[in-house]
Amino acid sequence: MFMTVFYVFFGFLLPYSTENYVPFLLVGLTSWQWFKSCLSHGSETILGGHSLMQQVHLPKIIFPIILLLTDTVKFIFIFVLLLIFLWIYGYGIDMPYLALPGVLIVQLLFSTALTFLLAAIVPFLPDLRFVVENILLAVFFMSGIFMDANIVPEAYRHYYYMNPIVNIIESYRNILMHNTWPDGSALLIIAVISLIGIWLGARLIARFEYVYPKVMI
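Since we're looking at a predicted model, the values are computed, not measured.

Undergrad: Could you give an account of the overall build of the chain, naming the residues involved and the relevant values?
TA: From N to C terminus, the chain includes 11 helices and 0 strands. When the helices and strands of the chain are placed in sequence order, the string is α-α-α-α-α-α-α-α-α-α-α. A buried classification covers 45% of the 217 residues belonging to the chain. Considering only contacts in the chain between residues 6 or more positions apart, those separated by 24 or more positions represent 78%. Surface summary for the chain: the accessible area is close to 11700 Å², and the carbon and sulfur share equals 73%.

Undergrad: Residue-level account of the side chain of Thr 112, with values.
TA: As for its placement among the helices and strands, Thr 112 is situated in helix H6 (residues 100–121). Residue class for Thr 112 comes out buried when judged on its relative accessible area of 12%. Among the polar contacts listed, one links the side chain of Thr 112 to the backbone oxygen of Leu 108, at a separation of 2.6 Å. Once residues within four sequence positions are removed from consideration, Thr 112 is found in contact with Leu 68 and Ile 198.

Undergrad: Would you mind going over the side chain of Ser 111 in detail, with residue names and values included?
TA: Within the element layout of this structure, Ser 111 appears in helix H6. On the basis of relative accessible area, Ser 111 is assigned to the buried category, the value being 0%. Apart from the residues lying within four places of it in its own chain, the contact partners of Ser 111 are Phe 35, Cys 38, Leu 39 and Leu 68.

Undergrad: Run through the environment of Ser 143, naming residues and quoting values.
TA: Note that Ser 143 resides in the loop between helix H7 (128–140) and helix H8 (154–160). When its relative accessible area of 1% is taken as the criterion, Ser 143 is described as buried. In sequence terms Ser 143 and Ile 168 are 25 residues apart; their C-alpha atoms lie 9.4 Å from each other. In contact with Ser 143, other than residues within four places in its own chain, are Trp 32, Tyr 160, Asn 163, Ile 165, Val 166 and Ile 169. There is a polar contact of 2.6 Å between the side chain of Ser 143 and the backbone oxygen of Val 139. Of the polar contacts made by the side chain of Ser 143, one reaches the side chain of Asn 163; its length is 3.1 Å.

Undergrad: Give me the lowdown on the nonpolar core, citing residues and values where you can.
TA: In a soluble, globular protein the nonpolar side chains are often hidden away together inside. Formed by 51 residues in total, the largest nonpolar core has its most connected members in Trp 32, Phe 79, Ile 145, Tyr 172 and Leu 176. Counting only elements with at least two residues in this core, the list comes to helix H2 (21–42), helix H5 (62–89), H6, H7, helix H9 (164–176) and helix H10 (184–207). Looking at which element gives the most residues to this core, the answer is H2, with 12 residues. Residues contacting Leu 176, with those up to four places away along its chain left out, are Val 27, Phe 79, Leu 82, Leu 83, Leu 86, Tyr 91, Tyr 97 and Leu 100.

Undergrad: An account of a nonpolar patch on the surface is needed here, citing residue identities and associated values.
TA: A contiguous nonpolar patch, built from Ile 76, Val 80, Leu 81, Ile 84, Trp 87, Ile 88 and Ile 93 and spanning about 700 Å² of accessible area, is present on the exposed surface. Considering the arrangement of structural elements, one finds Ile 88 in helix H5. Ile 88 gets classed as exposed once you look at its relative accessible area, which sits at 69%.

Undergrad: Explain the pattern of salt bridges residue by residue, including any values.
TA: A side chain with one charge may pair with a side chain of the opposite charge, provided their charged atoms come close. Following the criterion strictly, the structure yields 2 salt bridges and no others. One salt bridge in this structure joins Lys 60 and Glu 209, with 3.3 Å as the shortest N-O distance. With a gap of 149 residues between them, Lys 60 in the loop between helix H4 (50–53) and H5 and Glu 209 in the loop between H10 and helix H11 (212–215) connect regions that are remote in the sequence. Taken individually, Lys 60 and Glu 209 each receive the classification buried, so the pair is uniform in this respect.

About the thresholds
- Residues numbered from 1 in each chain as written.
- Predicted model: local features only at pLDDT ≥ 70, side-chain atom pairs only at ≥ 80, totals over all residues.
- Heavy atoms only, no water.
- Helix = DSSP H or I, 4+ residues; strand = E, 2+ residues; numbered from the N terminus.
- Buried < 20%, exposed > 50% of the residue type's maximum accessible area, 1.4 Å probe, protein only.
- Contact = heavy atoms within 4.5 Å.
- Areas by Shrake-Rupley, 256 points an atom, 1.4 Å probe, with all protein chains shown as cover.
- Polar contact = N/O pair within 3.5 Å; in protein donor to acceptor, adjacent residues only side chain to side chain.
- Core = buried A, V, L, I, M, F, W, Y, C linked by side-chain atoms within 4.5 Å.
- Patch = residues over 30% accessible without salt bridge, like charges linked within 9 Å, V, L, I, M, F, W, Y side chains within 5 Å.
- Salt bridge = Lys/Arg side-chain N within 4 Å of Asp/Glu carboxyl O.

Here's what the structure looks like:
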């Protein structure tokens, strides 16, 4: 439904100058929604599980993991719909599709890292949830979902690409729309940083394993 609203608005009511803008937009929106859902939902998982913590002991890291798996399964169904749309639209399958699982894994790692870190901190700072929502809204407009990177002035393009989501979304577009290979070096850097973030987030959650039930009484 979310994709349909943007399809109607940008595809019919507000045509954009970029060729094939609707597929361009939908690829960005689909990957963004997965990322946003993981963070906005995942940041509250340990906080939201306080009542269960009072009844039975569970490793607290289970809460964000279950959320990540749930949102990923939902994303797979939406992603399949996107692929069908692109194939009907005229985009074919080529060799760069072999890199698609790698891009999906990198995004999952990046989302997991941020989700773990937020889930570990939010029980101590509950209002941080609302800050996260506003930050996500700001990042939404700075992640290349609506515009091509060529629009960004050359002087600021380096900073623009420091946003990992920009690189991930462009990787999807390269594969699905342009039949070109994604930037492997950029994805590798994101993957390494994400693995470090996952390790740190998991350590934080483990560190406060027995503290969470007490601070959320």
